[in-house]
Amino acid sequence: MASDDSSISDPSRANREAVPIIRQESSNSDTTLFGEDGWTLPGPTELREELERRYSDSEKAEAWARSAELVKTYNDELVQRWKEEMDTLLVYAGLFSAVLTAFNVQSYQLLQPAPTDPTLAVLQRISAQLTSFSVNPSFINSTQPALSEEDINPPFSPPISAVWINTLWFSSLVCSLASASIALMVKQWLHELSVGVSGTSRESARIRQYRLNSLKRWRVGGIVIIIPILLQLGLVLFLAGLVLLLWTLHVTVASVASGLVGILFIFLGVTTVLPVLKVNCCYRSPQAVGIFIFLRAIRRTIQGTMIGLAESAWNLTKSWRRCGGVLGELAVLSWRIYVAQCVSKKNFPTWHGREQLVVAQVTSTLDRDLAATAYVAALDTHSLDNTRMLLTDLPWRDAAACYDDIFSVRARIWGNKASRVEDKFPQHTYEMLQIMLAATPEERDQGWQDAVTTLLGRLPPHKEGSFDKDGLRLMCILAMDNNLPADTAFLRVVMHMRDQEALRTELNSGMRAVMLVAEWRMRNPGGSDSSTTLRHYLQSIELIIHCALRQQSPALSVDERATVRMRAQTALTSFRDFLRTSLWREPSLYICLGLSNIVPLLVELVQRDREWVTEDLVEVLDSVWSAVQEEELIAADRNRLRRLHAYIEWTGEVLEVLKAVISGRPIDSSRKVVFDRPTLQPEPQRTRRFSVRSISRSSSRSRVTIF
């Protein structure tokens, strides 16, 4: 008890007893931390051994070889690029210097006096004296003085224009020759850089890295940048001197030349300044880099000066804070200015840093363009498979834009039906549709709907081919919504299920998807008006009956067949209850169009299994058909009735067959009921009655498909 009391009175002692004591041993600057219970922490030696065990010697050697190969590739590309640039600059400098020399040979003579012939000067003086003679009766007088040495060799002062022309042209020549000389020296440096270095061994890699470090340390890249700047400066000086010379000779020629030179200078100035202002401008040049560095230094200097002034003002006035009146307000104002300057301080990025910042903001857009360019550059079907994989890593907006770029290129080269040819582009469209369906409900805005609608429009028409292995499933997923692309997808599913070849070859996964979308559409038919809502509902019933007809497919298991049967019977019961209401009457006679597709399917379903259709459903169908006939008699719109009359009569005849089957009247089992599709005629006299006829099982089948 005493020990317990002492522990309570001394918390630090209790903590020391509860926590194991950690000791540190030192041996050759190696430390290992361990407690009294034997738990230890590794020291530097253990950590080094752990690192050595993590990677084998072969893995390390392979990593060094890969690094050496990357450095070698970078070094070789850098040297090769500089060599090619120097060759181009040497050719340009040589041609430019030759042109300059031809002009300078003529221009430097303007700085010298014209050669004077003494005999010619004396004769000119004699002529002037004879002209000035004054003849009098007693003498002959001449007003011209005697010829002096200065008259024979007068002093010469070159004109200002000649001085400026020669100054500009000879400066241009110096710049051109200087650039050629520096370019030649750079080529020599680059040649020595690659001497004695080959392969990717550790020794060669070290020498190559040592020389690469020397290139950076001694600013060889900066010297390479100076060479084209000198040539551009020489061109500007030459053109300026040329314009000045022309103004001393002829005004018209000088005006035309000045205009052309001005246009060139404006182009050079704009293309030089634009990369400084716009990061995405590709007119990058050494001159632009120099301007950017100069402006960046000025901005940093101004920013530092403003912060320094604000800080000095605050240091000067902070003792006035407790003073009232004007001094206190000045102190507060100086503090606010200082804080504002510090908050607004910016870190100006470097020339290449600006580009990295922009790239980080538009990574998804660049990935999209990269994926599109990879295919557009080759226009190869095999490269399209690679592009399809790339699109799965992109957001749906960028993936859709990439798909549009690819389709636009194909349409521009091969026409708008480029996706209809037998290549892999339809599969690409289906995979793009799956990417769009992966968007969250919050992302499915109007832009998403427009993009999906565009995708559906680029799929091959139903008559040109059925869905691929995932196409039907994707269409069903898309159809489980109430919007324009969902309605379009639902109609495609309906048309696909009406295709007999597709029904015979459909997979069980596709049948499950059709059953699910049909049940969803029964509960959520959607539609902008009552007639569209009724049409979607009846099409859902039609899809469920199609699935029931495929219930005995060998692709379905026993459990799946039982599930299809249960779901189909539930849907038919719901359909019967719906027909007992008055909801179908709202769209007037549009119910007959849906029944014209449903009743023939019910006949075929009853022929396979009598238990599928109940007598209640047949009675309700008969009452609905009777009501439709009555509606036909009292409807005012006779033109519309003429168009629907064929379907009303035809549906009634098919319904009679269904009633006969339900009543148990014998029907030849070796033959199946087939219905001819009625033809819509605008005139009453052209309308003909269609009857049910039996033909052999191998005959073709034609059913109503306009609904």
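In the block above lies the structure referred to throughout.
Structure report, in brief. What you see is a predicted model, and the numbers here were worked out from it, not measured in a lab.

### Examining the overall build of the chain
Okay, so step 1: Broken down by element type, the chain carries 27 helices and seven strands.
Okay, so step 2: The burial tally for the chain puts 36% of its 707 residues in the buried class.
Okay, so step 3: Sequence-distant contacts in the chain: of pairs separated by 6 or more residues, those separated by 24 or more amount to 70%.
Okay, so step 4: Surface exposure of the chain reaches about 42100 Å², of which carbon and sulfur atoms provide 58%.

### Brief notes about the pattern of salt bridges
Okay, so step 1: All told, the structure shown has 12 salt bridges when counted by the stated rule.
Okay, so step 2: For the salt bridge of R458 with D404, the shortest nitrogen-to-oxygen distance reads 2.7 Å. Separated by 54 residues along the polypeptide, R458 in the loop between helix 18 (446-457) and helix 19 (471-479) and D404 in helix 16 (residues 396-414) bring together distant segments of the chain.
Okay, so step 3: Here R458 falls in the buried class, since its relative accessible area comes to 16%.
Okay, so step 4: D577 is paired through a salt bridge with R576; the nearest N and O atoms lie 3.2 Å apart.
Okay, so step 5: Through salt bridges with shared partners, a single network forms among R368, D369 and D398.

### Some details on the layout of surface pockets
Okay, so step 1: Considering only enclosed or pocket space, the second largest pocket measures out at about 720 Å³ in volume.
Okay, so step 2: Surrounding the second largest pocket, 25 residues form its lining, G221, G222, I225, V289 and H352 being those nearest its centre.
Okay, so step 3: Taken together, the elements giving at least two residues each to the lining of the second largest pocket come down to helix 4 (57-107), helix 8 (202-217), helix 9 (220-249), helix 11 (286-317) and helix 13 (351-361).

### Quick notes on the environment of R336
Okay, so step 1: Note on placement: R336 falls in helix 12 (residues 325-343).
Okay, so step 2: Between the alpha carbons of R336 and A310 there is a distance of 9.2 Å; along the sequence they are 26 residues apart.

### Let's talk about a nonpolar patch on the surface
Okay, so step 1: Taken together, the side chains of V273, L277, I291, F294, L295, I298, I302, M306 and L309 define a hydrophobic patch exposed on the protein surface, amounting to about 800 Å² of accessible area.
Okay, so step 2: Of all the elements in the fold, those that place two or more residues in the nonpolar patch are helix 10 (251-277) and helix 11.
Okay, so step 3: It is helix 11 that provides the largest number of residues to the nonpolar patch, a total of seven residues.
Okay, so step 4: Relative to the helices and strands, I298 resides in helix 11.

### As for the nonpolar core
Okay, so step 1: M432, M436, F575 and L602 are the most contacted members of the largest nonpolar core, which has 81 residues in total.
Okay, so step 2: For M432, the contacting residues outside a window of four places in its chain are L391, W396, A399, A400, Y403 and L455.
Okay, so step 3: Of all hydrophobic cores here, the second largest spans 17 residues; its members include L89, A93, L212 and L231.

### Things to note about the packing of aromatic side chains
Okay, so step 1: Inspection of every chain in the model, using the stated rule, returns 11 aromatic pairs.
Okay, so step 2: Their ring planes at 70° and their centres at 5.2 Å tell us that F103 and W169 sit as a pair that is edge-to-face. Of this pair, F103 sits in helix 4 while W169 sits in helix 7 (residues 160-193), placing them 66 residues apart in sequence.
Okay, so step 3: Looking at W169, the relative accessible area reads 1%, which means it is buried.
Okay, so step 4: Three or more aromatic residues joined by ring pairs form one cluster here, namely Y92, F96, F103, W169 and F238.
Okay, so step 5: Over the face of the ring belonging to F490 we find R521, whose NZ or CZ atom lies 4.8 Å from the ring centre.

### As for the packing of helix 4 against helix 8
Okay, so step 1: Where helix 4 contacts helix 8, the axes come no closer than 10 Å and their chain directions differ by 40°. If you check the angle between helix 4 and helix 8, you find them oblique. By crossing handedness, the relation of helix 4 to helix 8 is classed as left-handed. Counted together, W64, A68, V71, K72, Y74, N75, L78 and W82 of helix 4 and R202, A205, R208, Q209, L212 and L215 of helix 8 form the full contact between these two elements.
Okay, so step 2: Considering only residue class, the contact of helix 4 with helix 8 consists of nine nonpolar, two polar and three charged.

### Things to note about helix 23 (residues 530-549)
Side chains of residues three or four places apart in an α-helix project in the same direction, reflecting 3.6 residues per turn.
Okay, so step 1: With 20 residues, helix 23 ought to run about 28 Å at 1.5 Å a step, and its terminal C-alpha atoms sit 29 Å apart, in line with that.
Okay, so step 2: Of all 20 residues that make up helix 23, 16 are buried, and the element is covered over most of its length.

### Looking at the environment of Q287
Okay, so step 1: The residue Q287 is located in helix 11 in this model.
Okay, so step 2: It is 6.3 Å that separates the C-alpha atoms of Q287 and I229, two residues lying 58 residues apart in sequence.
Okay, so step 3: Setting aside residues up to four positions removed in sequence, Q287 forms contacts with I229, Q232 and T272.

### Structural notes on the side chain of R208
Okay, so step 1: With respect to the helices and strands, the residue R208 is situated in helix 8.
Okay, so step 2: No salt bridge is formed by the buried R208; its nearest oppositely charged neighbour, D76, is found at 5.0 Å.
Okay, so step 3: There is a polar contact of 2.9 Å between the side chain of R208 and the backbone oxygen of G199.
Okay, so step 4: The residues contacting R208, other than those within four sequence positions of it, are V71, K72, N75, V197, S198 and G199.

### Brief notes about unusual backbone geometry
Okay, so step 1: Of note in this structure, R219 is not a glycine but carries a positive phi near 55°.
Okay, so step 2: What makes R219 exposed here is its relative accessible area of 62%.

### Some words on a negative patch on the surface
Okay, so step 1: Judged by side-chain charge, E46, E49, E52 and D57 come together as a negatively charged surface patch.
Okay, so step 2: Element by element, the count of residues in the negative patch is highest for helix 3 (residues 44-54), at three residues.
Okay, so step 3: By the secondary structure assignment, E46 is in helix 3.

Rules used throughout
All residue numbers here refer to positions counted from 1 along the written sequence of the relevant chain. It should be noted that, the model being predicted, local features are given only for residues of pLDDT at least 70 and side-chain atom pairs only at 80 or more, the latter also being counted only at that level, while totals for whole chains, interfaces and linings use all residues. Hydrogens and waters are ignored; side-chain quantities use all the structure's heavy atoms. Strands here are runs of E lasting at least two residues and helices are runs of H or I lasting at least four, both read from the DSSP assignment and numbered beginning at the N terminus. Exposure classes here rest on a 1.4 Å probe applied to the protein chains alone. A residue is buried below 20% of its type maximum, exposed above 50%, and partly exposed in between. What makes two residues a contact is simply this: any of their non-hydrogen atoms within 4.5 Å. All accessible-area figures derive from a Shrake-Rupley calculation using a 1.4 Å probe, and residue coverage is judged against the displayed protein chains alone. Think of a salt bridge as a Lys or Arg side-chain nitrogen and an Asp or Glu carboxyl oxygen that are within 4 Å of each other. Computed over the protein atoms alone on a 1 Å grid, cavities are sets of points where a 1.4 Å probe fits but cannot get out and pockets are open sets with protein on both sides within 12 Å along at least five of seven lines; a residue lines them when it has an atom within 4 Å of a point. Grid points are joined across faces, edges and corners, and a volume is the space filled by probe spheres set on the points. Each patch groups residues whose relative accessible area exceeds 30% and which form no salt bridge, using 9 Å between like charges and 5 Å between nonpolar side chains of Val, Leu, Ile, Met, Phe, Trp and Tyr. What we call a nonpolar core is a set of buried Ala, Val, Leu, Ile, Met, Phe, Trp, Tyr and Cys residues that are connected through their side-chain atoms within 4.5 Å. Aromatic rings from Phe, Tyr and Trp, with only the six-membered ring used for Trp, were paired whenever their centres fell within 6.5 Å, and each pair was classed as stacked if the ring planes differed by under 30 degrees, edge-to-face if by over 60, and tilted otherwise. Think of it as a cone above the ring: NZ of Lys or CZ of Arg counts as a charge over the ring if it is within 6 Å of the ring centre and within 35 degrees of the ring normal. Structural elements are reduced to axes, namely lines fitted to C-alpha atoms, with helices fitted over the stretch in contact, and the angle between N-to-C directions of any two is expressed from 0 to 180 degrees. If an angle is under 35 degrees, it is roughly parallel; if it is over 145, roughly antiparallel; if it lies from 65 to 115, roughly perpendicular; otherwise it is oblique. With the far helix as reference, a near helix turned anticlockwise by less than a right angle produces a left-handed crossing, and one turned clockwise produces a right-handed crossing. When residues are grouped by polarity, Ala, Val, Leu, Ile, Met, Phe, Trp, Tyr, Cys and Pro land in nonpolar, Asp, Glu, Lys and Arg in charged, and all others, Gly among them, in polar. Multiplying one less than the number of residues by 1.5 Å gives the expected span of a helix. Charge convention: Lys and Arg are scored as positive, Asp and Glu as negative, and His as well as the terminal groups of each chain are ignored. Throughout this description, a polar contact denotes any pair of N or O atoms lying within 3.5 Å of each other; where both atoms belong to protein, one of them has to be capable of donating a hydrogen while the other can accept it, and for residues adjacent in sequence the pair is counted only when both atoms sit in side chains. Charge positions are represented by NZ for Lys, CZ for Arg, CG for Asp and CD for Glu.

Don't take any of this as a statement about function, it's just geometry.
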